[in-house]
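An overview of the molecular structure
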Amino acid sequence: QVQLVESGGGLVQAGGSLRLSCTASRSIFSANAMGWYRQAPGEQRDLVACISSDGSTNYADSVKGRFTISRDNAKNTVSLKMNSLKFEDTAIYYCYKGFSSRSCANGGYWGQGTQVTVSS
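So, here's what we can say about the structure. (Residues numbered from 1 in each chain as written. Predicted model: local features only at pLDDT ≥ 70, side-chain atom pairs only at ≥ 80, totals over all residues. Heavy atoms only, no water.)

1. A short note on the layout of surface pockets
Its boundaries defined by the atoms lining it, the largest pocket holds a volume of some 200 Å³. Lining the largest pocket are 16 residues, with Arg 38, Ala 40, Glu 43, Glu 88 and Thr 90 positioned closest to its centre. Taken together, the elements giving at least two residues each to the lining of the largest pocket come down to β4 (34–39) and β5 (46–51). Looking at the lining of the largest pocket, its residues break down into 7 nonpolar, 4 polar and 5 charged. (1 Å grid on protein atoms, 1.4 Å probe; cavity = no way out; pocket = protein on both sides within 12 Å on 5 of 7 lines; lining within 4 Å. Points joined across faces, edges and corners; volume = space filled by probe spheres on them. Helix = DSSP H or I, 4+ residues; strand = E, 2+ residues; numbered from the N terminus. Nonpolar A, V, L, I, M, F, W, Y, C, P; charged D, E, K, R; others polar.)

Next up, the structure:
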């Protein structure tokens, strides 16, 4: 069973920063695309950032330039550095492990989520 455990969520003022971390247990993910999704109240779960096995990254337009995804395969960890946070970034953030090496879509695994709340 793949387990993805997020940490680092919390309450932050607009303009502030947070760093989310995700650690995989029971299995490594060096060969898999990893990412972060988020889901705001009443909205669908959307991809925020994706990092492929070779380190290539993709970001949602709404966070590009503000968020940075990174991975440490030796530690089986993926992180999301969130800068210049906005109220609309408020959501539950989910760590994601893809089935493929490049794509953060077409199936995968999600963690339990961690709440990020940005005060306006």
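2. Remarks on the packing of aromatic side chains
The description of an aromatic ring pair rests on the distance of the ring centres and on the angle between the ring planes. Here the structure, examined in full by the defined rule, presents 4 aromatic pairs. For the ring pair Tyr 37 and Trp 110, a centre distance of 5.5 Å and an interplane angle of 70° mean the geometry is edge-to-face. Linking Tyr 37 in strand β4 with Trp 110 in strand β10 (residues 108–110), this pair joins segments that are 73 residues apart in sequence. Overall, Tyr 37 belongs to the buried group, its relative accessible area being 9%. In textbook terms, an aromatic cluster arises when at least three aromatic residues are bridged by ring pairs, as seen for Tyr 37, Tyr 96 and Trp 110. (Phe/Tyr/Trp six-rings, centres within 6.5 Å; stacked < 30°, edge-to-face > 60°. Buried < 20%, exposed > 50% of the residue type's maximum accessible area, 1.4 Å probe, protein only.)

3. Some details on unusual backbone geometry
At Asn 76, a position not held by glycine, the phi torsion is positive, near 55°. Within the secondary structure layout, Asn 76 lies in the loop between β7 (67–72) and β8 (77–82). For Asn 76, a relative accessible area of 9% translates into the label buried. In this model, Ser 84 sits at a positive phi of 50°, which is unusual for a non-glycine residue. If you trace the backbone, Ser 84 turns up in the loop between β8 and β9 (91–98). On the basis of relative accessible area, Ser 84 is assigned to the partly exposed category, the value being 42%.

4. Brief notes about the state of the cysteines
Using the criterion set out here, one finds 2 disulfides in the structure. Between Cys 22 and Cys 95 runs a disulfide, and the two sulfur atoms are separated by 2.0 Å. Residues Cys 22 and Cys 95 are joined by a disulfide whose S-S torsion is about -80°; by sign, that bridge is left-handed. Placement of the pair is Cys 22 in strand β3 (residues 18–25) and Cys 95 in strand β9, with a sequence separation of 73 residues. We classify Cys 22 as buried; its relative accessible area is 0%. Paired by a disulfide, Cys 50 and Cys 104 hold their sulfur atoms 2.0 Å apart. (Disulfide = S-S within 2.5 Å.)

5. Quick notes on the side chain of Asp 89
Tracing the backbone shows Asp 89 in the loop between β8 and β9. Once residues within four sequence positions are removed from consideration, Asp 89 is found in contact with Arg 38, Val 63, Arg 66, Phe 67, Ser 84, Val 116 and Val 118. (Contact = heavy atoms within 4.5 Å.)

6. Brief notes about the pairing of β7
Here β7 shows one buried face, formed by Phe 67, Ile 69 and Arg 71, and one open face, formed by Thr 68, Ser 70 and Asp 72. In this sheet, β8 lies alongside β7 in antiparallel orientation, the contact comprising 6 bridges. Pairing of Asp 72 across the sheet is with Thr 77, part of β8. Counted between consecutive antiparallel strands, the loop separating β7 from β8 contains 4 residues, among which Asn 76 sits at a positive phi close to 55°. (Pairing = 2+ DSSP bridges.)

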